Amino acid sequence: MAVEATAPGKAILFGEHSVVYRGPAVVLAIDRRARVVAEKRGDDRIFFDALDLGFSGYFEGETYVPVQGEIQQGRRLQALLVSTRCTMEHLDLKSGLNLTVRSRIPIAAGLGSSAAICVATVAAVGELLGGGLSMEEVCDLAFEGEKVVHGTPSGVDNNISTYGGILRYERGKGIDRFELDSNLPFVIGNSRRRRSTRRLVSRVRALRERTPEIVEQVIEAMVQVSKSGLAALKDVNLHRLGDLMNVNHGLLVSLGVSIAKLDLMVHASRVAGAYGAKLTGAGGGGCMIALSDISNLENVSRAIRRCRGDPYIVNISYEGVKTRRVN
Ligand code: MEV
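Owing to the predicted nature of the structure, the values given are computational and were not obtained by experimental measurement.

## A look at the overall build of the chain
Then, in step 1: Across its full length, the chain holds 10 helices and 13 strands.
Then, in step 2: Taken against the 2.2 N^0.38 rule, which gives 20 Å for 327 residues, the C-alpha radius of gyration of the chain at 19 Å falls within 12% of a compact globule.
Then, in step 3: With respect to the principal axes defined by its C-alpha atoms, the chain has extents near 60 × 45 × 35 Å.
Then, in step 4: Across the 327 residues in the chain, those meeting the buried criterion constitute 58%.
Then, in step 5: Within the structure as shown, the chain displays about 13500 Å² of accessible surface, and the carbon and sulfur contribution to it stands at 48%.
Then, in step 6: Treating the 42 positive side-chain charges of the chain as one cloud and the 35 negative ones as another, the clouds have centres 6 Å apart.

Written out as structure tokens, the structure reads:
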């Protein structure tokens with residue numbers, strides 16, 4: 001018997017970076033998912049097959065033994081190993097496991113691929129071992145893995161991947177989940193530059209320590225943009241949403257987390273008729289997101305492609321983590 005779990009990636013509409021300090025982030029689950037299949041093994045190894053990410057191997061104790069790919073890639077599996085071990089400890093159960101990981105969420109691009117994989121891993125392992133984990137437990141256990149990858153994450157990524165839909169997430173205050181009646185697709189533009197959330201979050205922290213009198217005000221403006229953005233989203237007021245996305249991009253630029261290619265794609269999307277566009281996620285590479293009329297999505301996608309970005313038209317996914325038995 002094996003268990004498959006899938007979990008969605010995400011796009012942050014408002015509040016990246018500011019959410020690390022205070023105030024809400026407004027986040028959408030997107031219709032690109034990570035998939036993990038878990039089955040028991042006869043021995044006590046934890047074997048990861050992540051071949052579409054370019055590697056497979058197993059851990060014997062703390063030692064990573066690669067089967068395909070380089071030994072350094074084992075580091076990328078640390079988050080999954082931690083999530084898996086925490087799940088087994090939480091359930092007070094132990095087993096050798098085969099974990100097959102597949103994902104349609106680009107890696108290290110700001111779309112929550114690591115959180116989605118951690119969430120799917122916890123859910124698959126929990127269900128396989130018969131633990132009946134609650135959504136809250138899945139979310140918390142995946143957060144243990146997220147901390148390995150991101151250092152001091154706010155918790156936004158594991159929450160959206162677990163619950164799906166649209167979340168207002170605020171550190172220490174938890175989540176408020178809601179749905180829209182209307183279809184609201186977005187265009188995401190991937191700069192194809194990989195980056196590390198951990199590094200970008202610490203870069204902003206260092207800037208805040210050097211110039212607190214300015215950065216505090218930028219963060220405060222971002223908090224206000226998030227609050228107004230949430231109201232505009234609930235009203236599906238596209239002009240106002242677009243304006244606020246544009247302001248948010250400017251504030252993120254002022255924190256030094258954008259790159260020229262993201263700025264280029266943001267501006268090209270606006271010229272192509274988007275209501276607004278901004279980088280999404282930690283920045284430093286990764287992705288931007290544009291809001292446009294449905295009739296104009298292809299036009300915005302073409303503008304992104306002309307900047308040598310990869311455009312994806314995404315819909316909000318109201319389905320959070322899901323498990324099912326396979327075989
Ligand atoms: C990463 O998806 C979003 C950041 O705000 C970091 C975090 O919230 O942990 C940059």
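## Quick notes on the site of the ligand
Then, in step 1: All residues adjacent to the ligand are K10, I12, E16, H17, V19, V20, P153, S154, V156, D157, V201 and A282.
Then, in step 2: Between the ligand and H17, the relevant distance is 2.9 Å, taken from an oxygen atom to a main-chain nitrogen or oxygen of the residue.
Then, in step 3: In this structure, S154 approaches the ligand through a side-chain N or O atom, which is 2.5 Å from an oxygen atom.
Then, in step 4: Bound to the protein, the ligand loses 97% of the 300 Å² it would expose on its own.

## Here's the deal with the sheet that holds strand β10 (residues 276-280)
Then, in step 1: In spatial order, the strands read β10-β11-β9-β12; together these four strands make up an open sheet with antiparallel pairing. Every interior strand has two partners, whereas the edge strands, β10 and β12 (310-314), have only one. Each neighbouring strand pair of the sheet contributes to a mean axis angle of 25 degrees, computed without reference to strand direction.
Then, in step 2: Of the strand pairs in this sheet, β10 and strand β11 (residues 287-291) are connected by five bridges, and their pairing is antiparallel. Pairing of K278 across the sheet is with I289, part of β11.
Then, in step 3: Helix-sheet contacts for helix α10 (residues 297-306) involve β9 (186-190), β11 and β12, and the interaxial angle to β12 is about 155 degrees.

## What about unusual backbone geometry?
Then, in step 1: Notably, V236 is not glycine yet its phi reads approximately 45 degrees, a positive angle.
Then, in step 2: The residue V236 is located in the loop between α7 (212-234) and α8 (238-254) in this model.
Then, in step 3: On the accessibility criterion, V236 (29% relative accessible area) is partly exposed.
Then, in step 4: A positive phi angle, near 65 degrees, is found at R308, a position not held by glycine.
Then, in step 5: Relative to the helices and strands, R308 resides in the loop between α10 and β12.

## Focus: the nonpolar core
Then, in step 1: Core analysis: the largest hydrophobic core is formed by 101 residues, its most contacted members being L13, F186, I188 and L233.
Then, in step 2: Of the residues forming this core, the biggest block, 10 residues, is contributed by helix α3 (residues 113-128).
Then, in step 3: Each of domain 1 (2-178 + 317-326) and domain 2 (186-314) contributes no fewer than three residues to this core.
Then, in step 4: In this structure L233 touches L13, V26, L28, I166, F178, L180, L184 and L241, once residues within four positions along its chain are discounted.

## Observations regarding the domain arrangement of the chain
Then, in step 1: What the domain assignment lists for the chain is domain 1 (2-178 + 317-326) and domain 2 (186-314).
Then, in step 2: Averaged C-alpha coordinates put domain 1 and domain 2 at centres separated by 25 Å.
Then, in step 3: Contacts between the two partners involve 36 residues from domain 1, matched on the other side by 42 residues from domain 2.
Then, in step 4: Regarding the contact of domain 1 and domain 2, the summed buried area is about 3200 Å², with carbon and sulfur atoms giving 64% of it.
Then, in step 5: The largest share of the area that domain 1 buries against domain 2 comes from F14, H17 and Y21, three residues that together contribute 23% of it.
Then, in step 6: Our enumeration of links across domain 1 and domain 2 arrives at three salt bridges.
Then, in step 7: Our count for the contact surface shared by domain 1 and domain 2 stands at 13 residue pairs in polar contact (both at pLDDT 80 or more).
Then, in step 8: Of all the secondary structure elements, the ones that give two or more residues to the side of domain 1 that touches domain 2 are β1 (2-14), α1 (18-21), β2 (24-41), α4 (135-150), β7 (166-170) and β8 (174-178).
Then, in step 9: Looking at the side of domain 1 that touches domain 2 element by element, the count peaks at seven residues for β2.
Then, in step 10: Its residues assigned to classes, the side of domain 1 that touches domain 2 shows 20 nonpolar, eight polar and eight charged.

## A few points about α7
Then, in step 1: Counted at 1.5 Å a residue, the expected span for α7 with its 23 residues is 33 Å, and the 33 Å between its end C-alpha atoms agrees.
Then, in step 2: Directly after α7, the chain includes V236, whose backbone phi takes a positive value near 45 degrees.

## Concerning the side chain of E170
Then, in step 1: Of note, E170 is situated in strand β7.
Then, in step 2: E170 sits in the buried class, given a relative accessible area of 11%.
Then, in step 3: Ignoring any residue separated from it by four or fewer positions in sequence, one finds E170 in contact with G23 and P24.

The rules behind the values
Residues numbered from 1 in each chain as written. Predicted model: local features only at pLDDT ≥ 70, side-chain atom pairs only at ≥ 80, totals over all residues. Heavy atoms only, no water. Helix = DSSP H or I, 4+ residues; strand = E, 2+ residues; numbered from the N terminus. Rg over C-alpha atoms; globule rule 2.2 N^0.38 Å. Buried < 20%, exposed > 50% of the residue type's maximum accessible area, 1.4 Å probe, protein only. Areas by Shrake-Rupley, 256 points an atom, 1.4 Å probe, with all protein chains shown as cover. Lys, Arg positive; Asp, Glu negative; His and termini not counted. Charge placed at Lys NZ, Arg CZ, Asp CG, Glu CD. Near = heavy atom within 4 Å. Polar contact = N/O pair within 3.5 Å; in protein donor to acceptor, adjacent residues only side chain to side chain. Pairing = 2+ DSSP bridges. Axes fitted to C-alpha atoms, helices over the stretch in contact; angles between N-to-C directions. Contact = heavy atoms within 4.5 Å. Core = buried A, V, L, I, M, F, W, Y, C linked by side-chain atoms within 4.5 Å. Domains from an automatic or database assignment. Buried area = accessible area lost by both parts, 1.4 Å probe. Salt bridge = Lys/Arg side-chain N within 4 Å of Asp/Glu carboxyl O. Nonpolar A, V, L, I, M, F, W, Y, C, P; charged D, E, K, R; others polar. Expected span 1.5 Å × (residues − 1).

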